[in-house]
Amino acid sequence: GRLDGNHGIGLGVYGKGSEATASDLVIAGGLPVPGAPGGGIGAAALSGGHLVLRDSRLHGNITAGLLVAGYGARLVGEHLLVDGTLPRPDTDDDGHGARAQDGGELQLREVRLSGNHEHGLAVEATGSVAIVEDLLVDHTAPRLNDGNDGQGVAVSRGARLIGRRLRLHRNHTAALVVGH
């Protein structure tokens, strides 16, 4: 299936007890929400929602290709390509391939995060965790608003990364940054 040109979030799971499993999707060309910050996210699990996404491509979305946010939220991604995520048009920052924040749990296996902006993978805030295996993060570009960052993986503000067999290749400023 194909989810194209969605405002807000292409595939979203919201709230405790909500679950979805999807595969063989192309989620592309996310659009910002008119009059609101951000939007155009490829796939997200929020506020306790659980999402499993397999064998899919997330291309040319905005803000984040994959987002998990909020305690109890979990996103599992397997055999994914997340590429070409663009910064927010209102601020020219973000554009992350994948992001876990505010206590969310992100699990990635056999995933490539390529040609995204600011951080290929961002894990932010106490309680947030990314558990990754066989992850390739490459060609992360800097933020458009100031030309900074472009890091492969960034772990900050008390978040955790548990990884096995990571390959971080040709990112703009750093492969892995912990504690910034």
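Model, not experiment: these values are computed from the prediction. (Residues numbered from 1 in each chain as written. Predicted model: local features only at pLDDT ≥ 70, side-chain atom pairs only at ≥ 80, totals over all residues. Heavy atoms only, no water.)

S.K.: Is there a simple way to think about the overall build of the protein chain in this case?
M.R.: In terms of regular secondary structure, the protein chain is built from zero helices and 15 strands. The C-alpha atoms of the protein chain give a radius of gyration of 14 Å, which matches the 16 Å a tight globule of 180 residues would have. Each principal axis of the C-alpha distribution contributes one length, and for the protein chain these read about 35 × 35 × 25 Å. Counting across all 180 residues of the protein chain, residues that qualify as buried make up 53%. If you take every contact in the protein chain between residues at least 6 apart in sequence, the share linking residues at least 24 apart comes to 67%. (Helix = DSSP H or I, 4+ residues; strand = E, 2+ residues; numbered from the N terminus. Rg over C-alpha atoms; globule rule 2.2 N^0.38 Å. Buried < 20%, exposed > 50% of the residue type's maximum accessible area, 1.4 Å probe, protein only. Contact = heavy atoms within 4.5 Å.)

S.K.: What is the right way to look at unusual backbone geometry in this model?
M.R.: Most peptide bonds take the trans form, and the phi angle of most residues other than glycine is negative. Positive phi, close to 55 degrees, is recorded for Asp-24, a residue that is not glycine. Along the chain, Asp-24 turns up in the loop between β3 (19-23) and β4 (26-28). Even without a glycine there, the phi angle at Ala-125 is positive, about 90 degrees.

S.K.: Quick question: what am I supposed to make of the nonpolar core here?
M.R.: Across soluble globular proteins, you tend to see nonpolar side chains buried next to one another. Core analysis: the biggest nonpolar cluster contains 31 residues, and Leu-53, Leu-66, Leu-106 and Leu-121 have the highest contact counts within it. Leaving out residues up to four positions away in the same chain, Leu-66 has contacts with Ala-43, Leu-53, Leu-58, Leu-75, Leu-80, Val-82, Gly-97, Ala-98, Arg-99 and Leu-108. If you look at the next biggest cluster of nonpolar residues, it comprises seven residues, including Ile-41, Leu-46, Leu-67 and Ala-69. (Core = buried A, V, L, I, M, F, W, Y, C linked by side-chain atoms within 4.5 Å.)

S.K.: It is not clear to me how the pattern of salt bridges should be interpreted in this structure. Could you clarify?
M.R.: Pairing is possible between side chains that carry opposite charge, provided their charged atoms lie close to one another. Taken as a whole and judged by the stated rule, the model has 13 salt bridges. For the salt bridge of Arg-165 with Glu-133, the shortest nitrogen-to-oxygen distance reads 3.0 Å. Pair noted here: Arg-165 is in strand β14 (residues 160-169) and Glu-133 is in strand β12 (residues 129-138), with a separation of 32 residues, a long-range link. Exposure remark for Arg-165: the relative accessible area of 45% places this residue in the partly exposed category. (Salt bridge = Lys/Arg side-chain N within 4 Å of Asp/Glu carboxyl O.)

S.K.: Would you take a moment to explain the side chain of Thr-140 for this structure?
M.R.: The residue Thr-140 is located in the loop between β12 and β13 (151-156) in this model. A polar atom in the side chain of Thr-140 sits 2.6 Å from the side chain of Asn-171. Residue contacts for Thr-140: discarding those within four places in its chain leaves Asn-116, His-117, Glu-118, His-119, Gly-120, Gly-150, Gln-151, Gly-152, Arg-170, Asn-171 and His-172. (Polar contact = N/O pair within 3.5 Å; in protein donor to acceptor, adjacent residues only side chain to side chain.)

S.K.: What exactly am I supposed to notice about the sheet that holds strand β15 (residues 176-178) here?
M.R.: By definition, the strands of a sheet pair up through backbone hydrogen bonds, in either a parallel or an antiparallel sense. With parallel pairing, the seven strands of this open sheet are ordered in space as β2-β5-β7-β9-β11-β13-β15. A strand with exactly one partner marks an edge of an open sheet, and here the two such strands are β2 (9-14) and β15. Taking each pair of neighbouring strands and ignoring which way they run, the sheet shows an average axis angle of 5 degrees. Bridge count for β2 against strand β5 (residues 41-46) is five bridges, and the pairing is parallel. Bridging from a neighbouring strand, Ile-9 pairs with Ile-41 of β5. (Pairing = 2+ DSSP bridges. Axes fitted to C-alpha atoms, helices over the stretch in contact; angles between N-to-C directions.)

S.K.: Looking at this structure, I do not really get the environment of Arg-88. What am I missing?
M.R.: Tracing the backbone shows Arg-88 in the loop between β8 (74-83) and β9 (96-101). On the accessibility criterion, Arg-88 (18% relative accessible area) is buried. Considered as a pair, Arg-88 and Leu-31 are 57 residues apart in the sequence and their alpha carbons are 9.6 Å apart. Apart from residues lying up to four places away in sequence, Arg-88 is in contact with Pro-37, Gly-38, Ile-62, Thr-63, Asp-93 and Asp-94. At 2.7 Å, the side chain of Arg-88 and the side chain of Asp-90 are in polar contact.

S.K.: Would you mind showing me how to read the environment of Gly-5 here?
M.R.: Take Gly-5: it is sitting in the loop between β1 (2-4) and β2. Residues Gly-5 and Asn-61, spaced 56 residues apart in sequence, show a C-alpha to C-alpha distance of 8.5 Å. Among residues more than four places away in sequence, those in contact with Gly-5 are Ala-28, Gly-29 and Leu-31.

All quantities given are derived from atomic positions and should not be read as evidence of function.
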